[in-house]
Amino acid sequence: MADTLEFNEIYQEVKGSMNDGRLRLSRQGVIFKNSKTGKVDNIQASELAEGVWRRVALGHGLKLLTKNGHVYKYDGFRESEFDKLSDFFKAHYCLELAEKDLCVKGWNWGTVRFGGQLLSFDIGEQPVFEIPLSNVSQCTTGKNEVTLEFHQNDDAEVSLMEVRFYVPPTQEDGVDPVEAFAQNVLSKADVIQATGDAICIFRELQCLTPRGRYDIRIYPTFLHLHGKTFDYKIPYTTVLRLFLLPHKDQRQMFFVISLDPPIKQGQTRYHFLILLFSKDEDISLTLNMNEEEVEKRFEGRLTKNMSGSLYEMVSRVMKALVNRKITVPGNFQGHSGAQCITCSYKASSGLLYPLERGFIYVHKPPVHIRFDEISFVNFARGTTTTRSFDFEIETKQGTQYTFSSIEREEYGKLFDFVNAKKLNIKNRGLKEGMKQSYDEYADSDEDQHDAYLERMKEEGKIREENANDSSDGSGEETDSSFNPGEEDDDVAEEFDSNASASSSSGDGDSDRDDKKPAKKAKIVKDRKPRKKQPESKKGKDPNAPKRPMSAYMLWLNASREKIKSDHPGISITDLSKKAGELWKAMSKEKKEEWDRKAEDARRDYEKAMKEYSVGSKADSHRGERSKKKKKKQEKQVKGKGDKKGAPSKSSSSKSPAKGMSDSFKSKEFVSSDESSSAESKKEDSEDEGAASPPPSSEDSASGSD
């Protein structure tokens, strides 16, 4: 038999990750060389205690246990290699290579066995899975439950971080199975042990996250939070930052500890440890060290005996042990004089602290955003009321934080702070825009151009100027056309025409004929000018100068074909969006060139508009005079025709209805005849006498009835 066996492409399982390499078995022992790192693991033959052959995901595997409790796993063997390995183990290591298959029933209850540094979960005699206890970083107990947490493996894409075991209660007196389970784990696990005496202890401190009251024991290398339900051991190496923040009521203080990796409680992760202190609470503290040790370790930052406010003592001790600076609010002051702003984040209300290098929000959930992470900030109008606004922060990774319900009075202070820190403000200029007109509010958005808004503004200006021009013309027309004398004559004419129409229609009430035609004549005449006025406003003179385009519209007309050629098949809406993006990215010098062109066009428009307005007024005066003259001539012609046609109508009527209209007409005819000339009187009277005799008193009485 050969003295050595070599296997290529063998995988060694280390902390959940598989490292490929070469495995060599010799008389002296087992050697594995990692292909990636070149690391060599050497197991002496005298140290081997047990060898197990089993089927695994990568074919077949070999598990080796040493006498000091270490476990080594190698996968990637072929089934045909079992006989060769078994014979080699018998000949050189005096070990029987046992075959043990894993249980694949899928049950989640079984028996836990502790063997060396290995925890094995078995169903019957078959193991389901095994956990190297050296991978355990934390072991916590609850009611009938034990939770194991593991060290994170940076080499593996996916790592197992937590396993929970339910331990049923037993009837044995004096033995707690949960504690016995935890002690077996802790005896072999790589867990921070609270060995020795604590440097100092702070009792019953109020903790907001995780919520509850905890005793804080300060050890040289870690912080121990001991509560009624949970214990947390926090190494100082996981502390990133320390914050000391005054509450808005000026009576309390927040002490915030930023952690990475976070502490875990079930599925919840706490990246921040937040303690709340009252400013009035004092403490006298004595360190559990002699003065020489204190001086040597802390170099004057701490003394053996200290006294003062509780929050000052905690922050001072943490600063000395963690060796990190404590961040406090800078020179920001809100509207009320506080160094924070009351707002809401998600569903909870809290406080936002603008710091010198970032923002921090406490306390549910706590959020810390550094300035170098921020892509831009945005001030948005409140969704529910105009008395508040929202402050939005978007990071470079695309995460957006919205702090809502901020009082309107805080706007100026927060805007000045953000502007002083030179953060990119998405809607810069809205500080003044909150009290400005709509046009100024819209123009202030320089970072994102809106082509649709630009077009609406141009159309609004056109409508406003057209309305002003038409109102000037309509005012002159109204003044010149208003003539009471002429309107009275028109009423008489309307009355005559209505009376003749009603008389020829048949039977009717004389009172109704007296009143209704007169009312109709007035209403119709009053409405006619009002109907004409809107028509004059709506009409647009095609000869009027066209409104000048804005700088953006001039650029868009010049660049539209180029954009279409660069993006074939682009739609109108997409073209507008693309144009807005290009205009936004354009340099200031190029924009100024188009601004000059727009200014020249505006001056040309104003000059042309002045010339047009002078000509249009002269034309309107000439048109008014010709209209009045023509209207007067039409009235005179119409009046003469009515005078000649009225006697013939009365003479041809023989029915009672026609008699009523004749008496009615004769009365009006006399009134109109009085205003005529003497010659027309003689001619009319001669014609009337020749045509028919005057009506009798009976006819007139019947007509009045």
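All values derive from a computational prediction rather than experimental measurement. (Residues numbered from 1 in each chain as written. Predicted model: local features only at pLDDT ≥ 70, side-chain atom pairs only at ≥ 80, totals over all residues. Heavy atoms only, no water.)

Colleague: How should I be thinking about helix H4 (residues 310–322) in this particular structure?
Modeller: Three- or four-residue spacings in an α-helix give side chains the same orientation, since the helix completes a turn every 3.6 residues. In this model H4 runs 18 Å from its N-terminal to its C-terminal C-alpha over 13 residues, within 8% of the 18 Å that 1.5 Å per residue would give. H4 sits mainly inside the fold: ten of its 13 residues count as buried. All buried positions along H4 are accounted for by Leu310, Tyr311, Met313, Val314, Ser315, Val317, Met318, Ala320, Leu321 and Val322. Taken from the residues just after H4, asparagine 323 is the one with a positive phi, measuring 65°. (Helix = DSSP H or I, 4+ residues; strand = E, 2+ residues; numbered from the N terminus. Expected span 1.5 Å × (residues − 1). Buried < 20%, exposed > 50% of the residue type's maximum accessible area, 1.4 Å probe, protein only.)

Colleague: What should I look at first to understand the state of the cysteines in this one?
Modeller: Here is the idea: a disulfide is a covalent bond, and it sits between the sulfur atoms of two cysteines. Following the criterion strictly, the structure yields zero disulfides and no others. Cysteine cysteine 343 remains unbridged, with the sulfur of cysteine 340 as its closest cysteine sulfur at 9.1 Å. A relative accessible area of 1% means that cysteine 343 is categorised as buried. (Disulfide = S-S within 2.5 Å.)

Colleague: Even after reading the chapter, I still don't get the environment of serine 348, so can you show me in this structure?
Modeller: By the secondary structure assignment, serine 348 is in strand E26 (residues 348–354). Remark: the alpha-carbon pair of serine 348 and histidine 363, spanning 15 residues in sequence, is separated by 8.7 Å.

Colleague: I'm lost on the sheet that holds strand E17 (residues 222–226) in this one. Help?
Modeller: The mixed open sheet is built from eight strands, whose spatial order is E18-E17-E16-E15-E21-E20-E19-E24. Two strands close off the open sheet at either side, each with one partner strand: strand E18 (231–235) and strand E24 (326–327). Where strand E19 (residues 239–246) meets strand E20 (residues 252–265), seven bridges bridge the pair, whose relative direction is antiparallel. Bridge pairing in E20 places leucine 244 opposite phenylalanine 255. (Pairing = 2+ DSSP bridges.)

Colleague: I would appreciate a short explanation of the nonpolar core in the present structure.
Modeller: The nonpolar side chains of a soluble globular protein tend to be buried with one another. Grouped together as the largest cluster of nonpolar side chains are 41 residues, with contacts concentrated most on Phe202, Ile218 and Leu223. Sequence-distant contacts of leucine 223, defined by excluding residues within four places in its chain, comprise Ile216, Arg217, Ile218, Tyr232, Lys233, Ile234, Tyr236, Ile257, Leu273 and Met318. Counting residues in each nonpolar core, the second largest holds 26 residues, with Cys343, Tyr401, Tyr411 and Val418 among its members. (Core = buried A, V, L, I, M, F, W, Y, C linked by side-chain atoms within 4.5 Å. Contact = heavy atoms within 4.5 Å.)

Colleague: Teacher, can you tell me more about a negative patch on the surface here?
Modeller: The grouping of Glu79, Asp83, Asp87, Glu99 and Asp101 at the surface amounts to a negative patch. Position of glutamate 99 relative to the elements: it lies in strand E8 (residues 97–99). (Patch = residues over 30% accessible without salt bridge, like charges linked within 9 Å, V, L, I, M, F, W, Y side chains within 5 Å. Areas by Shrake-Rupley, 256 points an atom, 1.4 Å probe, with all protein chains shown as cover. Salt bridge = Lys/Arg side-chain N within 4 Å of Asp/Glu carboxyl O. Lys, Arg positive; Asp, Glu negative; His and termini not counted. Charge placed at Lys NZ, Arg CZ, Asp CG, Glu CD.)

Colleague: Could you clarify how one ought to interpret the packing of aromatic side chains in this entry?
Modeller: For any pair of aromatic rings, the description rests on two quantities: the centre-to-centre distance and the angle between the ring planes. If you walk through the whole model with that rule in mind, you get 30 aromatic pairs. Geometrically, the ring pair formed by phenylalanine 379 and phenylalanine 389 is tilted, given 6.1 Å between the ring centres and 45° between the ring planes. Of the two residues, phenylalanine 379 is situated in strand E29 (residues 374–381) and phenylalanine 389 in strand E30 (residues 388–395); the sequence distance between them amounts to ten residues. Considering the side-chain rings of tyrosine 552 and tryptophan 555, the 5.9 Å spacing of their centres and the 35° angle between planes classify their relative orientation as tilted. (Phe/Tyr/Trp six-rings, centres within 6.5 Å; stacked < 30°, edge-to-face > 60°.)

Colleague: Got a minute to help me understand helix H5 (residues 411–420) in this structure?
Modeller: Residues of H5 that are buried: Tyr411, Leu414, Phe415, Phe417 and Val418. The buried side chains of H5 occupy one side of the element, clustering within an arc of 160° when seen end-on. (Arc of directions from axis to C-beta.)

Colleague: Sorry if this is basic, but what is going on with a positive patch on the surface here?
Modeller: A surface patch of like charges, here positive, comprises Arg301, Lys319, Lys325 and Arg357. Position of arginine 301 relative to the elements: it lies in the loop between helix H3 (291–298) and strand E23 (305–309). By relative accessible area, which is 35% here, arginine 301 ends up partly exposed.

Colleague: Sorry if this is basic, but what is going on with the sheet that holds strand E14 (residues 162–166) here?
Modeller: The strands making up a sheet associate through hydrogen bonds between their backbones, and the pairing can be parallel or antiparallel. Read across the sheet, three strands follow the order E12-E13-E14 without closing on themselves; strand pairing throughout is antiparallel. On the outer flanks of this sheet lie strand E12 (136–142) and E14, each paired with one strand and no other. Averaged over neighbouring strand pairs, the angle between their axes works out to 15° when direction is ignored. Two strands pair when backbone bridges link them, and strand E13 (residues 145–150) and E14 are joined in this way by five bridges, in the antiparallel orientation. Bridging from a neighbouring strand, threonine 147 pairs with arginine 164 of E14. (Axes fitted to C-alpha atoms, helices over the stretch in contact; angles between N-to-C directions.)

Read these as spatial facts, not as claims about activity.
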